[in-house]
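Here are the chains, one letter per residue:
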Amino acid sequence: EKIKEVSHEWELVNKQKPIWTRNPDDIPKEDYAAFYKSLTNDWEDHLACKHFNVEGQLEFKSILFVPKRAPFDMFEKKKKQNNIKLYVPRVFI
């Protein structure tokens, strides 16, 4: 009787830590701008950015971006709302 042994080798593709888990003092403005543009598909940089940690009964790390301009379809009722992006233990939802 033959037994087939299966083994997998995993290659780490992205070695960079998620931006929201890094120390805000160590992140250059260019990294925030690149992350914002990739997340929102906006062609302009953000107006403001707040990177903060909350600790207590609830604990999380967050980055809040304020766009330079309001979206052109902001008051359109039929548009699907997808404003808030959530991440759980380093995974984008």
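Just so it is clear, the model here is predicted, and its values are computed rather than measured.

Chemist: How should I be thinking about the overall build of the chain in this particular structure?
Modeler: A count of helices and strands for the chain gives one helix and four strands. For the chain, the succession of helices and strands along the chain, N to C, is α-β-β-β-β. The buried share of the chain, reckoned over its 93 residues, is 18%. Look at the contacts in the chain between residues 6 or more apart in sequence, and 32% of them connect residues 24 or more apart. Approximately 9,200 Å² of the chain is accessible, and the part contributed by carbon and sulfur atoms is 54%.

Chemist: Would you take a moment to explain the pattern of salt bridges for this structure?
Modeler: Between side chains of opposite charge, a pair can form when the charged atoms approach closely. All chains considered together, the criterion is met by three salt bridges. For D31, the salt bridge goes to R22, with nearest N and O atoms at 3.3 Å. By relative accessible area, D31 is classed as partly exposed at 28%. With a closest N to O distance of 3.1 Å, K37 and D45 form a salt bridge.

Chemist: Please clarify how the side chain of S62 should be interpreted in this entry.
Modeler: Within the secondary structure, S62 is located in strand β2 (residues 60–67). Assessed through its relative accessible area of 18%, S62 is described here as buried. Beyond its immediate stretch of four places on either side in the chain, S62 contacts K50, H51 and F52.

Chemist: Just to check I follow, could you spell out the side chain of D42 for this structure?
Modeler: Along the polypeptide, D42 turns up in the loop between α1 (29–40) and β1 (46–54). No salt bridge is formed by the buried D42. Its closest oppositely charged neighbour is R69, at 7.1 Å. Only 2.9 Å separates the side chain of D42 from the side chain of Y36, close enough to count as a polar contact. Not counting residues within four places of it along the chain, the set of residues in contact with D42 comprises Y36 and K37.

Chemist: What exactly am I supposed to notice about unusual backbone geometry here?
Modeler: Note on backbone geometry: most residues besides glycine have negative phi, and most peptide bonds are trans. Positioned with a positive phi, N41 is a non-glycine residue whose angle comes to about 60°. With respect to the helices and strands, the residue N41 is situated in the loop between α1 and β1.

Chemist: Honestly, the nonpolar core in this entry has me stumped. Any pointers?
Modeler: The biggest cluster of nonpolar side chains holds eight residues, and these are I19, W20, I27, Y32, F35, Y36, I63 and F65. Sorting the residues of this core by element identifies α1 and β2 as the ones contributing at least two each. At three residues, α1 tops the list of elements feeding residues into this core. Those residues within four positions of I63 in sequence are excluded, and the remaining contacts are I19, W20, Y32, C49, K50 and H51.

Calculation rules
Residues numbered from 1 in each chain as written. Predicted model: local features only at pLDDT ≥ 70, side-chain atom pairs only at ≥ 80, totals over all residues. Heavy atoms only, no water. Helix = DSSP H or I, 4+ residues; strand = E, 2+ residues; numbered from the N terminus. Buried < 20%, exposed > 50% of the residue type's maximum accessible area, 1.4 Å probe, protein only. Contact = heavy atoms within 4.5 Å. Areas by Shrake-Rupley, 256 points an atom, 1.4 Å probe, with all protein chains shown as cover. Salt bridge = Lys/Arg side-chain N within 4 Å of Asp/Glu carboxyl O. Lys, Arg positive; Asp, Glu negative; His and termini not counted. Polar contact = N/O pair within 3.5 Å; in protein donor to acceptor, adjacent residues only side chain to side chain. Core = buried A, V, L, I, M, F, W, Y, C linked by side-chain atoms within 4.5 Å.

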